[in-house]
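So you can see what is in the structure, the chains are spelled out below.
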Amino acid sequence: MTTLIPKIDLMDGGSTPAGAINRPFNEKLAESVSVKDFGAVGDGATDDTTAINNAIASGKSVYFPAGTYMTTGGHSITYPSNQSFYGDFYGASIIKKISGTSTIFDIAQYAQCSFDNLTIDGNSLSGRAFMWRAHYSTMSNVVINNIGSATYAVHISGSNLCTFDNVNINN
């Protein structure tokens, strides 16, 4: 027996959007993963590096629920990729560097991705927040804080047709 998820139910009591259909529950869940599915804690103390890497390796969109995810960085998004990385909203879903000099997110040339509703905190350590070589990619509603001196928050190289909207870089 296949369990179906209902059509979109608007919280405000509005009508279901035209064209919405019932779909198998497991099909809907297969569209994205949460870093917590891979053991991330998001408590601001536990090293969540491995869980984040495993979520990225799934090849699916990666959700960061509200919390502070500690990482050493080195998260690679490789070609071909068409992944989204998103949180609840910036200030709620925080990815914070705990050590090392590596780049937090290293996006390979030709990879396609999006980063939405996240805060990236370099914790005043060396290394970039992003090495951005992506094409046809976006970053929106992202705050980048505390990147160490003599480095870049976002190093853009060999990219084209990318959109950055409401990206704030502090310190």
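Before any of the text, the structure's been laid out above.
Residues numbered from 1 in each chain as written. Predicted model: local features only at pLDDT ≥ 70, side-chain atom pairs only at ≥ 80, totals over all residues. Heavy atoms only, no water.

**Student:** Can you help me understand the side chain of Asp-48 in this one?
**Tutor:** Here Asp-48 shows up in the loop between β4 (43-47) and α2 (49-57). It turns out Asp-48 is buried and unbridged, and the closest side chain with the opposite charge, Lys-36, is 8.3 Å from it. Apart from residues no more than four positions distant in its own chain, Asp-48 is found in contact with Gly-39, Ala-40, Val-41, Gly-42, Thr-68, Tyr-69 and Met-70. (Helix = DSSP H or I, 4+ residues; strand = E, 2+ residues; numbered from the N terminus. Buried < 20%, exposed > 50% of the residue type's maximum accessible area, 1.4 Å probe, protein only. Lys, Arg positive; Asp, Glu negative; His and termini not counted. Salt bridge = Lys/Arg side-chain N within 4 Å of Asp/Glu carboxyl O. Contact = heavy atoms within 4.5 Å.)

**Student:** It is not clear to me how the environment of Ser-149 should be interpreted in this structure. Could you clarify?
**Tutor:** Positionally, Ser-149 belongs in the loop between β13 (138-145) and β14 (154-156). A residue is classified by how much of its surface remains accessible, and Ser-149, at 67% relative accessible area, is exposed. The spacing of Ser-149 and Asn-171 is 22 residues in sequence and 8.8 Å in space, taken between C-alpha atoms.

**Student:** Explain the pairing of strand β9 (residues 93-97) to me, please; I cannot follow it from the model alone.
**Tutor:** The side chains of a regular strand alternate, residue by residue, between the two faces of the sheet. Within β9, 4 of the 5 residues are buried, which leaves it mostly tucked inside the rest of the structure. Bridging between strand β6 (residues 67-71) and β9 involves 5 bridges; their strand directions are parallel. Residue pairing across strands places Tyr-69 opposite Ile-95, the latter belonging to β9. (Pairing = 2+ DSSP bridges.)

**Student:** Would you take a moment to explain unusual backbone geometry for this structure?
**Tutor:** A negative phi angle is the norm for most residues apart from glycine, just as the trans form is the norm for most peptide bonds. Backbone geometry places Tyr-110, a non-glycine residue, at a positive phi of 75°. Its location among the elements puts Tyr-110 in the loop between β10 (105-107) and β11 (112-121). Owing to a relative accessible area of 47%, Tyr-110 belongs among the partly exposed residues under this scheme.

**Student:** Before we go on, may I ask you to explain the sheet that holds β14 in this structure?
**Tutor:** In a beta sheet, neighbouring strands pair by backbone hydrogen bonds and run either parallel or antiparallel. In space, the 4 strands of this open sheet follow the order β7-β10-β12-β14, with parallel pairing throughout. Both outer strands of the open sheet, β7 (75-77) and β14, are each paired with one neighbouring strand and no more. The sheet shows a mean angle of 15° between the axes of neighbouring strands, direction not considered. Set on the sheet, α2 makes contact with β7 and β10; between it and β7 the angle comes to about 10°. (Axes fitted to C-alpha atoms, helices over the stretch in contact; angles between N-to-C directions.)

**Student:** Would you take a moment to explain the nonpolar core for this structure?
**Tutor:** Side chains that are nonpolar tend, in soluble globular proteins, to be buried together. Counting residues in each nonpolar core, the largest one holds 31 residues, and the members touching the most others are Phe-115 and Phe-130. Listed by contribution, the elements that provide at least two residues to this core are α2, β5 (61-64), β10, β11, β12 (130-132) and β13. Setting aside its immediate chain neighbours within four residues, Phe-115 contacts Ile-77, Phe-85, Phe-105, Ile-107, Phe-130, Trp-132, Thr-138, Met-139, Ser-140 and Val-142. (Core = buried A, V, L, I, M, F, W, Y, C linked by side-chain atoms within 4.5 Å.)

**Student:** What is the right way to read the packing of aromatic side chains from this model?
**Tutor:** Each pair of aromatic rings is reported with the distance of its centres and the angle of its planes. Taken as a whole and judged by the stated rule, the model has 10 aromatic pairs. Ring centres of Phe-85 and Phe-105 lie 6.1 Å apart, and the angle between their planes is 50°; this geometry places the pair in the tilted category. Residue Phe-85 is located in strand β8 (residues 82-87), and its partner Phe-105 is located in strand β10; the two are separated by 20 residues in the primary sequence. The same class applies to Phe-85 as to Phe-105, namely buried. A ring pair is formed by Phe-85 and Phe-115, whose centres lie 4.8 Å apart and whose planes are at 15°; its orientation type is stacked. With a gap of 30 residues between them, Phe-85 in strand β8 and Phe-115 in strand β11 connect regions that are remote in the sequence. As far as the burial class goes, Phe-85 and Phe-115 line up, both buried. Members of the aromatic cluster, each reached through a chain of ring pairs, are Phe-85, Phe-105, Phe-115, Phe-130, Trp-132 and Phe-164. (Phe/Tyr/Trp six-rings, centres within 6.5 Å; stacked < 30°, edge-to-face > 60°.)

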